[in-house]
Amino acid sequence: MRGAALRLEHVAKTYPDGTRALRDISFAVRPGEFVVIIGLSGSGKSTLMRCINRLIEPTAGRIYIDDVDITALSHEEMRRLRRSIGMIFQQFNLVRRSTVLTNVLSGRLGYLPPSFALMNYFPKDEVARAMANLNRVGIPEKARTRADQLSGGQQQRVGIARALMQEPTLLLADEPVASLDPATSHSVLKYVEELNKKDGVTVLCALHFLSLARRYGTRILALKGGEIVFDGLPAEIDERRFKEIYGEEAEEVEIA
Amino acid sequence: MKQDALAPRPTLAPPRPWFQSGKFLLFLAGLLVIYAYGWQVTKINLPELVAGAKFVRPFIRDLVRPDVLTRTRQTQQVEVAMSVDPAVAPEDLPAPSGPVLRTSTQVAPVGSQVQVTGSGFRPNAQATLFWVNPIGNPQQVGRVMTDAQGAFGATITVPEAFRGPEAGPRGAQQRLRVVVEWTVGPLRPSNTAYIVLQKIVETVFLALMGTTIAVVAAVPLSFLGARNLMTKNPVGTSVYYVTRTFFNIMRSIEPLILAIVFTVWVGLGPFAGVLALGLHSIAALGKLYSEQIESIDPGPIEAVTATGASALQVVRYAVVPQIVPPFIAFTIYRWDTNVRMSTVIGFVGGGGIGFILQQYINLLQYRQAATAVWAITLVVAAMDYLSAVVREKYV
């Protein structure tokens, strides 16, 4: 599997209520990079992530994935393209009442005929693929458990397994560990890192803690007020840059 | 309080305890007035609870021996012709073969005592003596057990009985009847048990049909009554308010009142009950369903959409799992509620077990009424348990 290349040109998003969440964002990501996006709450990280798979329609600019302009795609073409873009969320976004296995299998829906859904049918090889992915994130024994019975860390691993079902070339991770404790954060991010290193998947990951960003990122993008204020290597973020991104009062907190 | 007024006021009075504060005393006085008026206006009369106990005693007694099982009953019946007027001879009845009933005299004025003996009857059985007037209405005058030889003896007082439409000599010709009764064979379900069983099944199905009608109407309506779906434009908002108003008005009308309306409309019987419960349940379920739709978590919808699933797949795997289990749970709960309500609806003619329960009570057939009461209790408890199990499993 090879990672996708991503390029944004002058992307902007203004919400109907007038909020300018993104203003003129341009950057390019090479295949296989692990880009960490940092910034305060409300700096536009989530909006940026959702513009890339068009869960939110950007109001201006162009987005290229492997040189395909996705802003020009029809709804149906976009749906097909989404199959190769995995996404994991801060709140995990699992269907709480469904089993872990069903949640994982739902990652494969884009590849299956919609008529299967009416009968709740999944082919045998897809079930086997789901079990393999659950195995990969270390919770195969939870397959028949209801999703809401799992701990936060386990739920996020189900989220990763669901994204794995898509065989993605690009993974969007919207603050995947913001609801987890430090130890669990590392165990979850290690799976994301493995996906990046082993499978070569390009990763775009929003994180809150600079220490985590430095530990996992190969490159850091900082957003502030909907604009990129920093784009460089993790080592380049010093005290001065940190205050630029997070404001004068900010203190850096360490996460073990 | 009075001491406070006389004593010199200290510069910094310690705060009075809360139960001495003026506000609290005022509150207490207010409560007292409210409850005093309430006691009076609701005519609470505790001695009546004791004095009136004798009226419910027969019912309570029969409650513990409902008419469920019975044996086949056999009877022997013999009559003796009597006259209450010395000037009128008794009828000439053909002498019966078999058991014999004799009286000390066949001419006995009203209020006189008559010795009654019988022989050849079934041994150790209940014999009941009736005085029968010229138009055939019996009136119980005695009760006695037959001995081991099938004989019995009793003394009765001749009662004042109706002498028939024409007060001629014929009116003095009356009869004494004895009925000896015993049971044979094994216990079997009584007729009441069959009727109650049939009616309780009718009740459960009445509730089921009412609930089904309600589900069919409430599912689509609930989407119109969901704030998160409808309040995106003015048309939707007005539809939302109309739907919610309908729910609230219909929910506030008791099914009992609806049942009265429908018995006038479609006549007495279970159909009226089905309509009444159905209409009320549309509103009750519609409101519950709407609130469930409003509380859908948009997260899973976003996540499944992001995997490249089509709209149908998103509905099936992100929306349906969030609303169908609670819908099922609410529906079963409603069915359970409707079984309970249909009992009351039967009282106003809406069919089901309430209909016959009311008849039994009016006819003072308390053992039969008890059978119906127990059947209702059992079914309601069973439904309650079932719905709890299902709710636990699905929600």
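Heads up: the structure comes first, above all this text.
Residues numbered from 1 in each chain as written. Chains lettered and ligands numbered in written order. Predicted model: local features only at pLDDT ≥ 70, side-chain atom pairs only at ≥ 80, totals over all residues. Heavy atoms only, no water.

**Thoughts on the pattern of salt bridges**
Residues and elements named next belong to chain A. Heads up, the condition is: Any Lys or Arg side-chain nitrogen located within 4 Å of an Asp or Glu carboxyl oxygen qualifies as a salt bridge. Only DSSP runs of H or I with at least four residues qualify as helices, and only runs of E with at least two residues qualify as strands; both kinds are numbered from the N terminus onward.
Counting across every chain of the model gives 31 salt bridges over all chains. Taking the shortest distance from any N to any O, the salt bridge between Glu 167 and Arg 129 comes out at 2.9 Å. Of this pair, Glu 167 sits in the loop between α6 (152-165) and β7 (170-174) while Arg 129 sits in helix α5 (residues 124-136); the two residues are 38 residues apart in sequence, bridging distant segments of the chain. Its salt-bridge partner being Glu 194, residue Arg 136 comes within 3.2 Å of it at the nearest N-O pair. You can see Arg 136 sitting in helix α5 and its partner Glu 194 sitting in helix α7 (residues 182-199), a full 58 residues away along the chain.

**Some details on the sheet that holds strand β1 (residues 6-14) of chain A**
Sheet strands pair via backbone hydrogen bonds, and the direction of the pair is either parallel or antiparallel. Put simply, the rule is: The pairing criterion for strands is at least two bridges between them, as found by DSSP.
One open sheet accounts for four strands, arranged β2-β1-β4-β5 (chain A); its pairing is antiparallel. Since the sheet does not close on itself, it has two edges, and those belong to β2 (20-29) and β5 (68-69) of chain A, each with one partner.

**Quick notes on helix α7 (residues 234-252) of chain B**
Residue and element names in this part refer to chain B. Here is the rule: Helices are assigned an expected span. That span is 1.5 Å times one less than the residue count. We call a residue buried when its accessible area falls under 20% of the maximum for its residue type, exposed when it is over 50%, and partly exposed in between, using a 1.4 Å probe and counting protein chains only. Taking the helix axis as origin, the arc is that swept by the directions to the C-beta atoms. Residue contacts are defined here by distance: any two heavy atoms, one from each residue, within 4.5 Å place the two residues in contact. Distance and chemistry together define a polar contact, namely a pair of N or O atoms within 3.5 Å, with one atom able to donate a hydrogen and the other to accept it when in protein, and with adjacent residues in sequence counting only for side-chain atoms on both sides.
Across its 19 residues, α7 extends 27 Å between first and last C-alpha, which sits within 8% of the 27 Å expected from 1.5 Å per residue. For α7, the full list of buried residues reads Gly 236, Tyr 240, Thr 243, Arg 244, Phe 247 and Met 250. All buried residues of α7 fall inside an arc of 135° around its axis, so they share one side. When the buried face of α7 is taken as reference, the exposed residues oriented beyond 90 degrees from it are Pro 234, Val 235, Val 242 and Ser 252. Structurally, α7 contributes buried residues whose contacts are with α5 (191-224), α6 (227-230), α8 (255-266) and α9 (270-294). Two or three places before Val 235, at the start of α7, stands the capping residue Asn 233, its side-chain oxygen 3.2 Å from that residue's backbone nitrogen.

**Topic: the nonpolar core**
Residues and elements named next belong to chain A. Note the threshold: We call a set of buried Ala, Val, Leu, Ile, Met, Phe, Trp, Tyr and Cys residues a nonpolar core when their side-chain atoms join them within 4.5 Å.
Of all hydrophobic cores here, the largest spans 55 residues; its most connected members are Ile 38, Val 104, Leu 134 and Ile 237. Sorting elements by how many residues they give to this core places α6 first, with six residues. Setting aside chain neighbours within four positions, we find Ile 38 in contact with Lys 45, Leu 207, Leu 210, Ala 213, Ile 220, Leu 221, Ala 222, Leu 223, Ile 237, Ile 245 and Tyr 246. Among the nonpolar cores identified, the runner-up in size contains 32 residues, and Ala 4, Ile 25, Met 78 and Ala 206 belong to it.

**Brief notes about the packing of α6 of chain A against α7 of chain A**
All names here are of chain A. How we decide: The axes are straight lines fitted to the C-alpha atoms, using for helices just the contacting stretch, and the angles between their N-to-C directions are given from 0 to 180°. Roughly parallel covers angles under 35 degrees, roughly antiparallel covers those over 145, roughly perpendicular covers 65 to 115, and oblique covers all other angles. Just so you know the grouping, Ala, Val, Leu, Ile, Met, Phe, Trp, Tyr, Cys and Pro go in nonpolar, Asp, Glu, Lys and Arg go in charged, and all remaining residues, Gly too, go in polar.
Direction vectors running N to C along α6 and α7 enclose 10°, while the axes themselves pass 9 Å from each other. Here α6 is positioned roughly parallel relative to α7, judged by the angle of their axes. Residue-level contacts link Gly 153, Gln 156, Arg 157, Ile 160 and Leu 164 of α6 to Thr 184, Val 188, Tyr 191, Val 192 and Leu 195 of α7. Here the residues of the contact of α6 with α7 sort into six nonpolar, three polar and one charged.

**Quick notes on the packing of aromatic side chains**
Residues and elements named next belong to chain B. Quick note on the threshold: Paired rings are identified among Phe, Tyr and Trp, the last through its six-membered ring, by centres lying within 6.5 Å, and are further divided according to the angle between planes into stacked (under 30 degrees), edge-to-face (over 60) and tilted (the rest).
Inspection of every chain in the model, using the stated rule, returns eight aromatic pairs over all chains. The interplanar angle of 75° and the centroid separation of 5.0 Å between the aromatic rings of Tyr 240 and Tyr 241 together place this pair among those described as edge-to-face. Judged by relative accessible area, which is 4%, Tyr 240 ranks as buried. Of the residues examined, Tyr 241 reaches a relative accessible area of 44% and is grouped as partly exposed. Note on Phe 262 and Trp 265: the rings are 5.4 Å apart at their centroids and 15° apart in plane angle, and the pair reads as stacked. Placement of both Phe 262 and Trp 265 in helix α8 is noted, with a separation of three residues, approximately one turn of the helix. Look at Trp 265 and you get exposed, because its relative accessible area is 65%.

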